[in-house]
Amino acid sequence: MAATLDGAAGGKKRKRAAPGLADLHDDMLERVLARLPPASYFRLRGVSRRWRAAAESRTFRAACARVTARDPWFLMLEDPDHQYQDQDERRPRPAAVFDSAERAWARWRGAPGPLQPVAAAGGLLLYRDPGTGDLTVVNPLTGASRALPPPPPTPTRALQAVAMYGSPYRVVLILGELPDLSTVVYDSSTNAWGDEAALSRKPAEDAASSREERVAEADGDDTVYFLSKSGDVVATTMQRSASRQYSSAVACREGGGGDAVAYFLSRSGTVVACDLSRRAFAELPRILPAYHEYSIDVVACGGAAYAVVLSEFLDAASLRVWEFAGGAWRQVAAMPPAMAHAFRGAKADVNCVGHGGRVMVCVSSSTAAGASGCFMCDVRTNRWEELAGGDGDAATGFVAALSFEPRMEAAV
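Presented here is a report on the structure given in the accompanying data block.

Calculation criteria
Position numbers for residues start from 1 in each chain and track the written sequence from start to end. Only residues with pLDDT of at least 70 get local features here, since the model is predicted, and only at 80 or more are side-chain atom pairs given and counted; chain-wide, interface and lining totals rely on the full set of residues. Computation of side-chain values: all heavy atoms of the structure, hydrogens and water removed. DSSP calls a pair of strands paired once it identifies at least 2 bridges connecting them. Only DSSP runs of H or I covering at least 4 residues are called helices, and only runs of E covering at least 2 are called strands; the numbering of each starts at the N terminus. Cysteine sulfurs are considered disulfide-paired once they come within 2.5 Å of each other. Only protein chains enter the accessibility calculation, which uses a 1.4 Å probe. A residue is then buried if its area is under 20% of the maximum for its type, exposed if over 50%, and partly exposed in between. The definition of a nonpolar core used throughout is a set of buried Ala, Val, Leu, Ile, Met, Phe, Trp, Tyr and Cys residues joined through side-chain atoms within 4.5 Å. Where a domain begins and ends is set by an automatic assignment or by a domain database. Fitted lines through C-alpha atoms serve as axes, helices being fitted only where they are in contact, and the angles separating the N-to-C directions of these axes extend from 0 to 180 degrees. Residue contacts are defined here by distance: any two heavy atoms, one from each residue, within 4.5 Å place the two residues in contact. If an angle is under 35 degrees, it is roughly parallel; if it is over 145, roughly antiparallel; if it lies from 65 to 115, roughly perpendicular; otherwise it is oblique. The hand of a helix crossing depends on one turn: near helix anticlockwise from the far one by less than a right angle means left-handed, and clockwise means right-handed. Ten residues, namely Ala, Val, Leu, Ile, Met, Phe, Trp, Tyr, Cys and Pro, are considered nonpolar, four, namely Asp, Glu, Lys and Arg, are considered charged, and the remaining ones, Gly among them, are considered polar. Note on ring pairs: Phe, Tyr and Trp rings are taken, using the six-membered ring of Trp, and paired if centres are within 6.5 Å. Classes follow the plane angle, with under 30 degrees stacked, over 60 edge-to-face and the rest tilted.

Observations concerning the sheet that holds strand 19 (residues 260-265)
Next, step 1: Taking strand neighbours across the sheet as the criterion, the five strands line up as 15-21-20-19-18 in an open arrangement whose pairing is mixed. Both outer strands of the open sheet, strand 15 (200-201) and strand 18 (249-252), are each paired with one neighbouring strand and no more.
Next, step 2: As defined by bridge partners, strand 18 adjoins strand 19 across four bridges and the pair is classed as antiparallel. Its bridge partner being in strand 19, Ala251 is matched across the sheet by Val261.

Here is the structure:
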């Protein structure tokens, strides 16, 4: 019988090369590439012509859409007035982004010119031109962008906050001053703005606010003291940096595409909840007494909204996470005292952002000797860890943050 082995004349088998990515069908290759970490997408086009063609194909983006969830990126923003690493040469210091999948910091190129990121939803970022108020939506992975049409003119209504949510996404402008608030909504599916709609005050939360106001009046002092973004104790009016002047946190109820609530901080430091679908708002009661000094930020993650508060009492500092439920605030997480003790007397400020079940807390101090740091908190388990190394050390000086899920297929 004739030998059937390759190279039978020498009685040896010829080794066949193991199949690799080059042997995969285009459809299977795209499925494999779609499951790479999003940070790898920037390098796909440089591997080969075939990979470049795959990365630019519609079927590849369809394969990316079948990946149900990706770990978020946390973008740390700095005050534009202090974003220079060398004041003499006026060289801008790049922003920092934390890739939670790779557990690493990276530099962020961002958008050119004066545009400032003000909101995020899905895999998209919303930029605002501070000079003109023009809005632009950008996919930071692909670079695709869309300039939104100008909203209807509201010459007598001041912009209070900007919110973004959903898919197709919506952009909401919250206008006016408490208690006279209204909204204007942009719908990406129609590429048009709706008419301005007034927000009514919710009676249930209004009663809670009234009780808090009566307590403050009984104490004989209704002045609110809190830490500004520079760490100084101020009263009556919250001082916001340009990077977070219009920031808000949006919590979407489970199973509700348009059922969303936007939370933002009022000028007096209270948390305001705007039910965007029911066109109603509530000014939530204060977490701490009116005369207490503290720093506060509001975040949304896992479909819920939380307030993060850094305060000092009896020579001890505490950093706690609160959730508003059942008409009252309840504590759901707290930084271990050994970690929080470093911020005692540091005049530190908290800037936070949430995604999924995690909250990133950036603590910065206005004093040279003050403690600073970036921390990640799992709200469900109350597990805290400090994020260090790389550009994370530089991120502690940033005054605002945004989170988004990096998605190649997210359409502007």
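Having seen the structure, we can now continue with the description.
Observations regarding the state of the cysteines
Next, step 1: Within this structure, the stated rule accounts for zero disulfides.
Next, step 2: Free cysteine: Cys301, not disulfide-bonded; nearest cysteine sulfur from Cys377 at 8.3 Å.

Looking at the pairing of strand 6 (residues 116-121)
Each regular strand displays side chains that alternate between the two surfaces of the sheet.
Next, step 1: Judged by how many residues are buried, strand 6 sits mostly within the fold: six of six residues are covered.
Next, step 2: Looking at chain direction, strand 6 and strand 7 (residues 124-128) are connected through five bridges and run antiparallel. Across the sheet, the residue bridging to Ala120 is Leu125, located in strand 7.

Some points on the nonpolar core
Next, step 1: Ranked by internal contacts, the top residues of the largest apolar core, which has 25 residues, are Leu33, Tyr41, Leu44, Phe60, Leu75, Trp108 and Leu125.
Next, step 2: Secondary structure elements with two or more residues in this core: helix 1 (26-34), helix 2 (41-44), helix 3 (49-55), helix 4 (58-65), strand 1 (73-77), strand 4 (95-99), strand 7 and strand 30 (400-404).
Next, step 3: Among the domains, domain 1 (25-65) and domain 2 (69-201 + 219-404) are the pair contributing at least three residues each to this core.
Next, step 4: In this structure, Ala333, Val359, Val361 and Cys377 belong to the second largest nonpolar core, which totals 24 residues.

Describing unusual backbone geometry
A negative phi angle characterises most non-glycine residues, just as the trans form characterises most peptide bonds.
Next, step 1: Between Ser167 and Pro168 the backbone carries a cis peptide bond, its omega angle lying at 0°.
Next, step 2: Here Pro168 is to be found in the loop between strand 10 (159-165) and strand 11 (170-177).
Next, step 3: Residues other than glycine seldom take positive phi values, yet Asn191 does so here, at roughly 55°.
Next, step 4: When you line up the elements, Asn191 lands in the loop between strand 12 (180-187) and strand 13 (192-193).
Next, step 5: Its identity is not glycine, yet Asn382 carries a phi of approximately 55°, on the positive side.
Next, step 6: In this fold, Asn382 is placed in the loop between strand 28 (373-378) and strand 29 (383-387).

Description of the sheet that holds strand 29
What links the strands of a sheet is backbone hydrogen bonding, and the strands pair in either a parallel or an antiparallel sense.
Next, step 1: Read across the open sheet, the four strands follow the order 26-27-28-29; overall the sheet is antiparallel. Each edge of the open sheet carries a strand with a single partner, namely strand 26 (348-355) and strand 29. With direction set aside, neighbouring strand axes in the sheet form an average angle of 25°.

What about the environment of Val137?
Next, step 1: Inspection of the secondary structure assignment puts Val137 in strand 8 (residues 135-138).
Next, step 2: Under the relative-accessibility criterion, Val137 is labelled buried at 0%.
Next, step 3: Linking Val137 and Ala120, residues 17 residues apart in sequence, is a C-alpha distance of 9.0 Å.
Next, step 4: Filtering out sequence-adjacent residues up to four positions away, Val137 remains in contact with Leu124, Leu125, Leu126, Ala144, Ser145, Arg146, Leu148, Met164, Tyr169 and Val412.

Some details on the packing of helix 1 against helix 4
Next, step 1: Running from N to C, helix 1 and helix 4 point in directions that differ by 50°, and their axes come no closer than 8 Å. Relative to helix 4, the element helix 1 lies oblique. When you trace helix 1 past helix 4, the crossing you get is right-handed. Side by side, helix 1 and helix 4 meet where Glu30, Arg31, Leu33 and Ala34 of the first sit next to Thr59, Phe60, Ala63 and Cys64 of the second.
Next, step 2: Counted by class, the contact of helix 1 with helix 4 contains five nonpolar, one polar and two charged residues.

As for the packing of aromatic side chains
Next, step 1: In this structure the tally under the stated criterion is seven aromatic pairs.
Next, step 2: Ring geometry for Trp73 versus Phe404: centroids 5.9 Å apart, planes at 70°, classification edge-to-face. In this pair, Trp73 sits in strand 1 while Phe404 sits in strand 30, placing the two residues 331 residues apart along the sequence. Here Trp73 matches Phe404 in class, with each residue buried.
Next, step 3: Ring centres of Phe343 and Phe375 lie 5.9 Å apart, and the angle between their planes is 90°; this geometry places the pair in the edge-to-face category. Within this pair, whereas Phe343 is found in the loop between helix 6 (337-340) and strand 26, its partner Phe375 is found in strand 28, the two being separated by 32 residues in sequence.
Next, step 4: Ring pairing ties together the aromatic residues Tyr169, Tyr186 and Trp193, which thus form one cluster.

Some points on the pairing of strand 12
Next, step 1: Where burial is concerned, most of strand 12 is hidden: six out of the eight residues are buried.
Next, step 2: Here strand 11 pairs with strand 12 via eight bridges, running antiparallel. Bridge pairing in strand 12 places Leu175 opposite Ser182.
Next, step 3: Between the end of strand 11 and the start of strand 12, which pair antiparallel, lie two residues.
Next, step 4: Alignment of strand 12 against strand 14 (residues 197-198), held across two bridges, turns out to be antiparallel. The residue bridging Thr183 from the neighbouring strand is Ala197, located in strand 14.
Next, step 5: In terms of strand pairing, strand 12 meets strand 13 through two bridges, oriented antiparallel. Residue pairing in the sheet places Tyr186 in a bridge with Trp193 of strand 13.
Next, step 6: Connecting the antiparallel pair strand 12 and strand 13 is a turn made up of four residues, with Asn191 showing a positive phi of about 55°.

Note that all results are geometric; they support no functional claim without further evidence.
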